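# Understanding the architecture of this molecule
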Amino acid sequence: MARKRPKIRSRKRRSAQPVNLKNKQVDILFQKGVDCHMKGQLAKAKASYEQVLIKDPKHFNTLHTLGLLALQNNEPAIAVELLNKAIEINVSNADPFLNIAIALTQLNRFEEAVACYDNAIAIQPDNIEALINRGGVLQKLNRIEAALMSYDKAIAIQPKYVQALINRGIALKVLKRFDEALAEYDKAIAIDPNCVQALISRGVTLKLLNRFDESLASYNRALTINPDDAGAWYNLANLNQDMKQYDKALANYNKSIAINPNSALAFNNRGIVLEKLKCYDDALTSFDKAIALNPNNASTLNNRGSVLEKLSRPYDALASFDKAIALNPNFASAFNNRGVILTHLDRLDEALVSYNKAIAINSDDANAFYNRGNALKDLTRLDEALVSYQKAIALNPNNASAFNNLGSVLIELGRVEQALVCYNKAFTISPNIDFLFGIKLHTQMKLCDWSDLSAQLYQVELGVLDGRTFTSPFPLLGVLDNPDLQLLASKIYVNKRYPANQLHDDFAVSKVNDKIRIGYYSSDFYNHATAYLMAELFETHDRQKFEIYGFSFGSYINDEMRLRIAGALDHLYDIGNKRDGEVAKISRELGIDIAVNLKGFTKNARTGIFANHCAPIQVNYLGYPGTMAASYIDYIIADRTLIPQESQQYYSEKVVYLPGSYQVNDSKRKISNKIFLRKDVGLPENSFVFCCFNNSYKILPPSFDGWMRILKAVDHSVLWLLECYPAVAKNLRKEAKVRGVDPCRLIFAKKIQLDDHLARHQLADLFIDTLPCNAHTTASDALWAGLPVLTCIGKSFSSRVAASLLNAMDLSDLITDTQLQYEAKAIELANNPELLTEIKKKLERNRLTSSLFNGQQFARNIEAAFIQMYQRYQSGQVSDHITIEAF
């Protein structure tokens with residue numbers, strides 16, 4: 001709000017008065033000061049005024065004028081002191097009250113300023129300038145209605161006073177009475193068509209009404225009148241920013257700054273636009289300039305922190321947010337942003353404190369609840385995360401990310417149907433969230449919900465071929481037998497989420513150690529399928545040649561397998577609370593030679609550890625049945641069944657071919673002595689029992705169609721499946737009925753302890769596999785328990801695992817090449833009990849003699865592979881395919 005500069009008034013000489021030498025000297029000195037003051041010679045003026053006060057310390061005009069000089073010199077505190085002395089001498093003069101009010105306003109002492117304006121107005125009730133300035137201070141105190149009354153009094157005195165009309169419009173705008181505000185600006189413009197301030201204020205209000213074209217016209221008219229008005233360019237740039245015209249906004253902020261290089265606001269908003277344009281270094285420079293001009297602007301410090309976070313300078317960002325909070329302890333956004341940085345630094349408990357503070361300040365901040373949910377989710381406080389995401393959604397029902405993350409929490413809580421609802425909602429709001437489509441599809445597959453499946457498979461295939469971030473690699477394994485597409489999906493995923501950190505790929509060839517240091521990295525060192533398979537290998541490694549390290553980044557669960565693995569490894573490090581780069585650094589410092597990734601792209605994977613090059617040789621093994629398509633993964637461990645030579649083109653890694661099967665197993669696995677009866681698990685006594693204990697997401701309509709045809713062909717047969725979720729039984733029974741099969745012929749097994757689960761395999765007659773994602777651990781479970789497995793081999797890694805296991809067991813007769821062969825073989829075995837009995841006898845003979853369950857032999861085979869990898873690296877050779885012959 002414009003204020004008139006305090007006026008300096010020279011005293012008029014009065015004649016016919018007695019001459020007083022002292023008064024005459026004071027008058028001369030004072031007049032000399034006024035003359036210098038009027039000429040802008042402020043230092044000389046000050047010296048003259050101070051000489052007056054030496055002679056007459058209570059000289060009212062000098063105290064008052066010296067106070068004005070202090071205001072001109074940006075010394076408001078001194079001005080207040082001098083003007084107070086003037087008021088003590090003459091309380092009936094309005095001018096000192098007016099000027100001291102200006103000084104107090106500059107010192108942010110607004111209540112005192114209002115009191116001084118009130119005193120001035122009491123002396124001069126018709127002082128329009130006092131009434132207008134009083135209104136401005138009341139607005140700073142957010143007493144808008146009182147400000148309006150002050151402006152109304154000014155307008156009542158002089159209805160055509162343009163500044164009063166403009167200020168009244170600004171107050172009405174603050175009250176969101178936009179139409180009334182526009183009327184005031186229009187009155188001002190009608191009085192003075194060239195009033196730039198009125199045109200700018202009108203443009204600002206029109207922008208708030210989203211009447212962008214009219215706002216633009218108002219700013220353009222202002223600039224036509226005065227092309228050098230920095231405020232007009234600044235507000236035009238703000239309009240451009242709201243219209244997402246970021247290049248235009250940047251150009252117009254630059255014009256505003258060229259006219260007024262001391263505008264902290266212009267530099268701040270310019271920084272915001274540069275951040276939008278992803279010019280982060282330039283944005284930081286702009287924010288720094290704004291802070292240099294106004295070090296006490298908390299919003300700019302907050303903005304600076306945001307751009308520092310994007311520049312991967314988290315500690316600098318944290319410092320910037322802390323400064324913003326120090327300036328404004330009730331700055332909810334800064335607390336929220338501070339929490340985001342602390343979350344990225346894995347300082348989750350501290351992050352939670354920040355988010356809670358943001359919410360305490362502003363309980364309607366949807367982003368704070370969303371970010372709080374993320375921290376709670378990472379802390380595995382899932383029920384609390386659920387509530388936080390739900391609150392975020394209640395506040396902002398269009399927050400797709402909140403629905404997406406709520407879905408992931410519901411998955412962890414086993415509430416898969418509700419999770420699918422959330423994923424569908426997220427996709428409806430924002431279909432371009434990275435990899436959401438694949439997550440949604442995979443969740444649907446877990447429930448065996450095949451609605452609109454063909455169209456979705458077409459969409460996901462097209463999305464990957466187009467190079468879009470449509471799905472992460474894992475969901476593809478269960479739905480498409482296409483190794484070329486899986487390679488492409490992995491490339492897209494790695495490039496988006498886990499690009500190689502080139503700063504850490506500078507391994508120098510080290511001296512040959514007495515022992516090769518092998519690091520196994522997993523989140524599954526507890527009662528988990530990976531642990532069940534790997535435990536004996538950890539125990540059996542040759543300690544004369546190898547030193548074995550484990551790096552665990554999962555939840556600490558002190559169960560049977562955790563204790564067994566901890567005892568088997570030479571070193572076990574819990575690194576779940578450390579960032580990927582920190583883990584890589586620790587690995588390098590420990591001198592790990594070969595890092596084995598047991599997770600790949602499966603749940604709780606830490607691919608970033610390998611992107612940061614934790615070891616000179618990095619290997620993809622066991623957890624993920626496919627290529628990672630990452631330049632920093634050197635080898636994939638497989639066998640000739642899994643990856644025929646002609647399929648090497650679909651793998652970025654060099655292939656290590658082990659003899660027999662690639663899959664490690666534990667020959668010490670216990671099978672419970674518990675005797676299971678068919679009636680105990682709901683199986684009919686005299687039926688042929690087909691079974692499949694694969695995860696539900698692996699069951700696709702073509703496999704299910706085949707199973708139903710098999711049931712129809714084999715009288716008194718039933719299908720025994722694992723009840724992964726309640727909805728699975730409901731949906732599959734519905735699908736069976738559609739295919740003309742009595743739903744009661746589908747029987748579902750509850751999840752139980754592994755040793756009991758292995759024991760109940762005896763109740764089944766034949767395990768029938770899925771395609772395109774075979775049984776993996778479930779196949780070796782069945783074979784270990786003595787149950788034959790029938791499979792149909794595909795093209796991709798995941799569709800050939802069961803065949804790999806069967807070949808290692810010398811049971812190739814159970815491998816089929818087509819769906820027709822698969823169904824025919826199942827029917828033949830069900831109708832020919834003698835043939836099935838012979839197969840079971842062969843399985844029993846081979847179970848303890850084949851390489852599949854020979855832990856010692858497997859250890860020597862994989863160790864031979866590790867030695868060749870190490871020797872190639874030490875000799876400076878690039879990685880290449882490796883074939884290990886059987887010992």
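Residues numbered from 1 in each chain as written. Predicted model: local features only at pLDDT ≥ 70, side-chain atom pairs only at ≥ 80, totals over all residues. Heavy atoms only, no water.

## Topic: the overall build of the chain
Check the secondary structure of the chain and you find 40 helices and 14 strands. A compact globule built from 887 residues would reach a C-alpha radius of gyration of about 29 Å, whereas the chain, at 39 Å, exceeds it by more than 25%. Once the C-alpha set of the chain is aligned to its principal axes, its extents read approximately 145 × 65 × 45 Å. Classification of the 887 residues of the chain by burial places 55% in the buried group. Within the chain, contacts between residues separated by at least 24 positions form 63% of all contacts whose residues are at least 6 apart in sequence. Accessible surface for the chain amounts to roughly 39100 Å². Of this, 49% is attributable to carbon and sulfur atoms. Mean positive and mean negative side-chain charge positions of the chain (103 and 94 charges, respectively) differ by 8 Å. (Helix = DSSP H or I, 4+ residues; strand = E, 2+ residues; numbered from the N terminus. Rg over C-alpha atoms; globule rule 2.2 N^0.38 Å. Buried < 20%, exposed > 50% of the residue type's maximum accessible area, 1.4 Å probe, protein only. Contact = heavy atoms within 4.5 Å. Areas by Shrake-Rupley, 256 points an atom, 1.4 Å probe, with all protein chains shown as cover. Lys, Arg positive; Asp, Glu negative; His and termini not counted. Charge placed at Lys NZ, Arg CZ, Asp CG, Glu CD.)

## Details of the sheet that holds strand β13 (residues 815–816)
Read from one edge of the open sheet, six strands run β10-β9-β8-β11-β12-β13, paired in parallel fashion. At either margin of the open sheet sits one strand with a lone partner, and together these are β10 (746–749) and β13. As paired strands, strand β9 (residues 717–722) and β10 are joined by four bridges and run parallel to one another. In the sheet register, Trp 720 faces β10, and the bridge partner there is Ile 747. The sheet contacts of helix α33 (residues 701–713) involve β8 (688–692), β9, β10 and β11 (766–768), and relative to β9 the element is tilted by about 150°. (Pairing = 2+ DSSP bridges. Axes fitted to C-alpha atoms, helices over the stretch in contact; angles between N-to-C directions.)

## What about the environment of Gly 591?
Its place among the elements puts Gly 591 in the loop between α31 (580–590) and β4 (594–597). Linking Gly 591 and Asn 269, residues 322 residues apart in sequence, is a C-alpha distance of 49 Å.

## Some words on the pairing of strand β2 (residues 546–552)
With seven of seven residues buried, β2 lies mostly within the body of the structure. Side chains of β2 alternate between two faces, with Phe 546, Ile 548, Gly 550 and Ser 552 and Glu 547, Tyr 549 and Phe 551 buried alike. As paired elements, strand β1 (residues 516–522) and β2 share seven bridges and run parallel to each other. Across the sheet, the residue bridging to Ile 516 is Phe 546, located in β2. Taken together, β1, helix α29 (residues 529–540) and β2 form a β-α-β motif whose crossover is right-handed. Strand direction decides the pairing type here: β2 and strand β3 (residues 571–574), joined by four bridges, are parallel. Looking at the pairing, Gly 550 lines up with Leu 572 of β3. As a crossover connection, the stretch from β2 through helix α30 (residues 560–568) into β3 is right-handed. (Right-handed = clockwise from strand over helix to strand, strands pointing away.)

## Focus on the pairing of β9
With six of six residues buried, β9 lies mostly within the body of the structure. The alternating pattern of β9 places Ser 717, Leu 719 and Leu 721 and Val 718, Trp 720 and Leu 722 on opposite faces, both of which are buried. Pairing of β8 with β9, which is carried by five bridges, proceeds in the parallel orientation. Counterpart to Phe 688 in the pairing with β9 is Ser 717. A crossover links β8 with its parallel partner β9, the connecting element being α33, and its sense is right-handed.

## Observations concerning the confidence of the model for the chain
Chain-level pLDDT for the chain is 94 on average; 97% of the residues reach the 70-or-more range. Within the model, pLDDT remains below 50 along residues 1–19, and this stretch shows 34 contacts once partners closer than five positions in the same chain are excluded. (pLDDT = per-residue confidence, 0-100.)

## Some thoughts on the side chain of Asp 666
Here Asp 666 shows up in the loop between β7 (654–657) and β8. Looking at Asp 666, its side chain comes within polar contact range of the main-chain nitrogen of Lys 668, at 2.9 Å. Leaving out residues up to four positions away in the same chain, Asp 666 has contacts with Tyr 532, Leu 533, Ala 535, Glu 536 and Arg 564. (Polar contact = N/O pair within 3.5 Å; in protein donor to acceptor, adjacent residues only side chain to side chain.)

## Description of the environment of Met 708
Secondary-structure assignment places Met 708 in helix α33. When the C-alpha positions of Met 708 and Val 718 are compared, they lie 9.8 Å apart, and in sequence the two are 10 residues distant. Those residues in contact with Met 708, other than ones at most four positions away along the chain, are Leu 719, Ala 736, Arg 739, Val 741 and Leu 746.

## Things to note about the nonpolar core
Soluble globular proteins: nonpolar side chains tend toward being buried together. Grouped together as the largest cluster of nonpolar side chains are 225 residues, with contacts concentrated most on Tyr 520, Tyr 621 and Phe 690. Counting residues per element, this core draws most heavily on helix α40 (residues 855–874), which supplies nine residues. (Core = buried A, V, L, I, M, F, W, Y, C linked by side-chain atoms within 4.5 Å.)

## Examining the pattern of salt bridges
Between side chains of opposite charge, a pair can form as their charged atoms come close. Across all of its chains, the model carries 38 salt bridges by this definition. The partner of Asp 152 in a salt bridge is Arg 168, and the shortest N-O contact between them spans 2.6 Å. Of this pair, Asp 152 sits in helix α8 (residues 144–157) while Arg 168 sits in helix α9 (residues 162–174), and the two are 16 residues apart along the sequence. Since its relative accessible area comes to 16%, Arg 168 is described here as buried. The residue Arg 202 makes a salt bridge to Asp 186 at a minimum N-O spacing of 3.1 Å. You can see Arg 202 sitting in helix α11 (residues 196–208) and its partner Asp 186 sitting in helix α10 (residues 178–191), a full 16 residues away along the chain. Asp 186 sits in the partly exposed class, given a relative accessible area of 37%. Each of Asp 152, Arg 168, Glu 184 and Lys 187 takes part in a single network of salt bridges with overlapping partners. (Salt bridge = Lys/Arg side-chain N within 4 Å of Asp/Glu carboxyl O.)

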